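Coordinate analysis (summary)
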Amino acid sequence: MPGAADATTVPASRAKRNGARKSVVKEESSDDDDDEPLTKKPARKRVKSEAAEEGASKPSRKRKVKEESDVEPSDDDDKPTKSSKKKAPTRKAKKEEESDGESSKPKKRTTKTKKEKEEVVEKSPTKGKGKKKEETEEDVYRWWDTDPNNEDNSVKWTTLEHNGVIFPPPYEPLPSNVKMKYDSQKVDLPPASEEVAGFFAALIETEHAQDETFRKNFFQDWKKVLKTHPPRNGIQITNLDKCDFRPMFEYMEAEKAKKKSMTSAEKKELKKQKDEAEAKYMTCLLDGRKEKVGNFRVEPPGLFRGRGEHPRKGSLKFRVRPEDITLNIGKEAPTPIPNMPGNWKSIQHDNTVTWLATWTENINGSHKYVFLAAGSSLKGQSDMMKFEKARELKKHVERIRANYTADLKSKVMAERQRATAMYFIDKLALRAGNEKGEDEADTVGCCSLRCEHVTLEPPHFVIFDFLGKDSIRYYNRVAIDGQVFKNVKIFKENKNDDDNLFDRVNTSGLNKHLNAEMKGLTAKVFRTYNASITFQRLLDEANLEGATLQEKLNSYNKANRLVAILCNHQRSVPKTHDQSMEKMRYKLRALRYDRMKLRHALFGLDGKYKKKSKFTEEEEDASDLDEEWVAQHEDNLKAKEIEKAEKKFARDNEKLVEEGGKPQSDSTLKEKIKSIEADFKHLEKERGKEKATLKTAKSEEKLIEQIDKLTERIKTFKLQMTDRDEGKEVALSTSKINYLDPRITASWCKIHDVPVEKLFSKTLMTKFPWAMEVDKDWKF
């Protein structure tokens, strides 16, 4: 994005891992994260139980982390982890947006000394729910307390036992009266062909079904299925435009509506059945410890959607079967039985890798892996080693930069090209890039840039315009070093637009050179280092003295955004963004309305407050509360109050019937609604007047206190709106998960007294438990 280099002058870089490391496997479920090799297989160690801890003369600090689901960041996962000394206060789950600084009611987190915590444990050793919860929680394996200096990274585990993967249920044919039509005739499809038709039918009202590439690929693959499983009534399907999938679509929508209308009890029962079916797949035994498995569900068949202008979008993703999957288990472990007919492709016992199962998908031929969950010991060690390797680069970075700067003038063209590529990776955070096959999206990185992607603009500007990872467009006009400008001009001479700019450089060669500069250094490590060091600098530069909690959160998110822009972690503006912002604007006006009513109630007690500048400014702030909007808002409030009363009436009657009592008569509800309507009639009379009568009388002091609270809340909400709008085109989570050392955030939160749960979702808290214990003076 234009200006990214100026906004964040400390750069970042990215590249895929050197293929020579056979034991390193890429985690399929993560956007940018690689499964880093571990430098040591740590000794097994468990946290002692509380009973043992109480008997120790010097109990060490322990931590319990609640078991986590494998689904990467859940929107409502934002609860703090618990201390083993004292049960943490319950906290409502926050949505992901709120964890990024959009909570309307920030809460202060109270802390107690070690002695106070011990006293609490002694006073209430066996209290109901707390005791039950503590008994069900497992002690966390504190692998980060083990010696990290052992260089043996070949063996990852000694014993490994798991139940494989869970396959999606088989296809259930549609009712006999639901048929797609071809040229206005009903088509009797066999199940195999009907299933594929259903994939397209479900999307007919989306942009995918209108996309020409998507339609073409779908129809080509569907015709292959139809050739093997033709319509039973002999109709020949040769033109997609003559196909009418609406009867299938309408049936599917009706089924969705049925599920939505289920009672809460029915939904709970369905969830219970699902959880019971999946329970044994969710964990494994690793060296005798129970660890959570990550993506243990096999993706069901469907139509490939891809990202951006992917040439294979719309293609049929085949159903994965046991015969496609290789399992990795310990030699002594029993072989799991698949939950569908068939036998595993093969069983292996490789303790130098961390995956549990693998298969190859049919669209791009890429390898899919099942790993342990983000909060597991192996993944945690991998993350920690990745960031430690990036921190190590601090000792070498100036020398490396001096070396490639000297090579910019090398007489050897390969060295000059390599140095120029390193300059771009360093200064502009370009990914290294890899060669792509003909069937893959035309995405490029630094080493695979073509001449058409780079335009020179004298005297020293260069314009980059290409599709990066996930088909995200990278456009940047930036000033560059004079020698680099000269080099690019030389590299482009006598070349066509589709020729490689760096025709003597590739990713493996570049990473080999980086490894010679520093052991274990790759372009990905360079990118991680620059992202984290930039983030640390931006946070340190912000002056937060006297700042409110929301101002601190906005400052953090701004730094996160600048790093995300630098790393080109863009996203399309969410389709619901405008709608979401409109809801926020309405809520802001509603808060101003509440404050206006309180102010008018205060004026009714004493007119002198009308002349005070504080309340005059508030009046100007509420200038958009015209009478028409107020009328509409009060009508909305009345409707909500009536709906709330009706629901409560229904609940109360259900409870009375269950207890054998007599339900309330309808007249009770009518009286309640009549009372609500009377209250709002009174509000209607107050419109346009600086008068307000509250349901409960309040003193002047109480009213002023409530007005001040609402004013502060309005200020906080405005900051939240600004933060959300500014981040609409930036993906903050990618850098937070993969490129920013979590210890930077943990330390910053301790310095500025910010609850880390405001910035890290519950999933990230579980992913990075080792980072939560750093001191406030820790720096990347």
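This text follows the structure it describes.
Since this is a predicted model, take the numbers as computed values, not measurements.

Before going further, it helps to examine the pattern of salt bridges. Tallied over the entire structure, the rule returns 43 salt bridges. A salt bridge links D241 to R215, with the shortest nitrogen-to-oxygen separation between them at 2.7 Å. You can see D241 sitting in the loop between α7 (212-228) and β6 (243-244) and its partner R215 sitting in helix α7, a full 26 residues away along the chain. Among the ionic pairs, D606 bridges to K608, the shortest N-O distance being 3.7 Å. For D606, a relative accessible area of 22% corresponds to the partly exposed category. Among the residues examined, K608 registers a relative accessible area of 44% and is labelled partly exposed. A single salt-bridge network, built from bridges that share partners, covers E388, R391, D741 and R743.

Along the chain, V774 turns up in the segment after α24 (762-767). By relative accessible area, V774 is classed as buried at 10%. Put simply, V774 and R743 are 31 residues apart on the chain and 6.5 Å apart in space, counted from C-alpha to C-alpha. Not counting residues within four places of it along the chain, the set of residues in contact with V774 comprises R743, A746, S747 and K750.

Next up on the list: the nonpolar core. One finds F424, L430, L449, F464 and F502 to be the most contacted residues of the largest nonpolar core, which totals 78 residues. Broken down by element, the residue count for this core peaks at 9 residues, all from helix α15 (residues 523-541). When near neighbours in sequence (up to four residues on either side) are disregarded, F502 contacts Q417, T420, A421, F424, C446, C447, L449 and F491. Counting 29 residues, the second-largest nonpolar core is a separate cluster that includes V196, A197, W222 and L316.

Before going further, it helps to spend a moment on unusual backbone geometry. With omega at 5°, the peptide bond leading from P458 into P459 counts as cis. Relative to the assigned elements, P459 resides in the loop between β15 (454-457) and β16 (461-467). At D183, a residue that is not glycine, the phi angle is positive and equals roughly 55°. Summarising the element assignment, D183 is placed in the loop between β4 (181-182) and β5 (185-186). On the basis of relative accessible area, D183 is assigned to the partly exposed category, the value being 46%. Backbone geometry places D753, a non-glycine residue, at a positive phi of 55°. Here D753 is to be found in the loop between α23 (742-752) and α24.

A few words on the sheet that holds strand β17 (residues 473-479). The strands that make up a sheet pair up through hydrogen bonds in the backbone, lying either parallel or antiparallel. Taking strand neighbours across the sheet as the criterion, the 3 strands line up as β15-β16-β17 in an open arrangement whose pairing is antiparallel. Each edge of the open sheet is held by one strand with a lone partner, namely β15 and β17. For this sheet the average axis-to-axis angle between neighbouring strands, irrespective of direction, equals 10°. Examined bridge by bridge, β15 and β16 share 4 bridges and lie antiparallel to one another. The residue of β16 that forms the bridge with L456 is V462. Where helix α13 (residues 482-492) meets the sheet, its contacts fall on β15 and β16, and the angle it forms with β15 comes to roughly 125°.

Here the structure, examined in full by the defined rule, presents 22 aromatic pairs. Relative to Y556, the ring of F535 lies with its centre 5.3 Å away and its plane at 85°, an arrangement referred to as edge-to-face. Here F535 is found in helix α15, whereas its partner Y556 is found in helix α16 (residues 549-566), with 21 residues between them in sequence. One exposure class covers both F535 and Y556, and it is buried. Connected via pairs of aromatic rings, a cluster forms that spans Y423, F424, F464, F466, Y474, F491 and F502. The ring of Y739 has R527 lying over it, and the distance from NZ or CZ to the ring centre is 4.9 Å.

What counts, and at which threshold
Residues numbered from 1 in each chain as written. Predicted model: local features only at pLDDT ≥ 70, side-chain atom pairs only at ≥ 80, totals over all residues. Heavy atoms only, no water. Salt bridge = Lys/Arg side-chain N within 4 Å of Asp/Glu carboxyl O. Helix = DSSP H or I, 4+ residues; strand = E, 2+ residues; numbered from the N terminus. Buried < 20%, exposed > 50% of the residue type's maximum accessible area, 1.4 Å probe, protein only. Contact = heavy atoms within 4.5 Å. Core = buried A, V, L, I, M, F, W, Y, C linked by side-chain atoms within 4.5 Å. Pairing = 2+ DSSP bridges. Axes fitted to C-alpha atoms, helices over the stretch in contact; angles between N-to-C directions. Phe/Tyr/Trp six-rings, centres within 6.5 Å; stacked < 30°, edge-to-face > 60°. Lys NZ or Arg CZ within 6 Å of the ring centre and 35° of its normal.

The quantities given are spatial measurements derived from coordinates; they are silent on function.
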